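Reading the structure
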Amino acid sequence: MVYLRENGNMAISSYSTKIKSGKQDFGLKPCKEFEYLGNYKELLCRWQEIFSKENIIVRLFDKNEFYQGDLLKNFVHSIGLKWDNEFVIPPKQNESLNLIGVELLKRINQYLPWRIDNKINHLRGGGDKIYYKVFSKL
């Protein structure tokens, strides 16, 4: 099963990830990475060569499209398993930042870089985890 994001949402998520990794503002401009990752036709053709077409289930990566609004439940439901209480649901990770979080972190990155001389800047402390929790998209 493969979940594909709408290209605009993928670009926003990619931008958020780069800001979270310490990059300063670089704008939302086309890049080779996006051309590669966002070319779903090419991606699915490559996968089809390996897994064959009948073994690929394509779904939209959108919380509103998930079964009961949950990605894991959607996956389990789509492959015909029965959901039970023994499934361990891990905490959400790598959530995209909301607009306020992106703007705040861009400014923090500018004045308090994530790395200095290719070493982690310990002056940032553990604040990043707090930013991600408070400013993640709902």
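All values derive from a computational prediction rather than experimental measurement.

1. Quick word on the packing of helix H1 (residues 7–20) against helix H5 (residues 99–111)
One can describe the packing of H1 onto H5 by two numbers: an axis separation of 9 Å at closest approach and a directional angle of 35°. By crossing handedness, the relation of H1 to H5 is classed as left-handed. Two secondary-structure elements touch here, H1 through Tyr15, Ile19 and Lys20 and H5 through Val102, Leu105, Lys106 and Asn109. Residue composition of the contact of H1 with H5, by class: four nonpolar, one polar and two charged.

2. Points about the nonpolar core
Generally speaking, a soluble globular protein has its nonpolar side chains buried in company with each other. One finds Tyr15, Ile19, Leu97, Val102, Leu105, Ile108 and Phe135 forming the largest nonpolar core, which totals seven residues. Where this core is concerned, the elements lending two or more residues are H1 and H5. It is H5 that contributes the most residues to this core, three residues altogether. In this structure, Phe135 is in contact with Ser96, Leu97, Asn98, Ile100, Gly101 and Leu104, ignoring residues within four places of it in sequence. In this structure, Met10, Tyr40, Leu43 and Ile56 belong to the second largest nonpolar core, which totals six residues.

3. Comments concerning a nonpolar patch on the surface
There is a patch of nonpolar side chains on the surface, built from Leu72, Phe75, Ile79, Leu81, Trp83, Phe87 and Ile89 and spanning about 590 Å² of accessible area. With respect to the helices and strands, the residue Phe75 is situated in helix H4 (residues 71–78).

4. Quick look at the pattern of salt bridges
On inspection of all chains with the given rule, the structure shows three salt bridges. One salt bridge in this structure joins Lys106 and Glu103, with 3.1 Å as the shortest N-O distance. Of this pair, Lys106 and Glu103 are both found in helix H5, three residues apart, which corresponds to roughly one turn of the helix. Using a relative accessible area of 27% as the deciding quantity, one classes Glu103 as partly exposed.

Criteria and cut-off values
Residues numbered from 1 in each chain as written. Predicted model: local features only at pLDDT ≥ 70, side-chain atom pairs only at ≥ 80, totals over all residues. Heavy atoms only, no water. Axes fitted to C-alpha atoms, helices over the stretch in contact; angles between N-to-C directions. Helix = DSSP H or I, 4+ residues; strand = E, 2+ residues; numbered from the N terminus. Left-handed = near helix turned anticlockwise from the far one by under 90°. Contact = heavy atoms within 4.5 Å. Nonpolar A, V, L, I, M, F, W, Y, C, P; charged D, E, K, R; others polar. Core = buried A, V, L, I, M, F, W, Y, C linked by side-chain atoms within 4.5 Å. Buried < 20%, exposed > 50% of the residue type's maximum accessible area, 1.4 Å probe, protein only. Patch = residues over 30% accessible without salt bridge, like charges linked within 9 Å, V, L, I, M, F, W, Y side chains within 5 Å. Areas by Shrake-Rupley, 256 points an atom, 1.4 Å probe, with all protein chains shown as cover. Salt bridge = Lys/Arg side-chain N within 4 Å of Asp/Glu carboxyl O.

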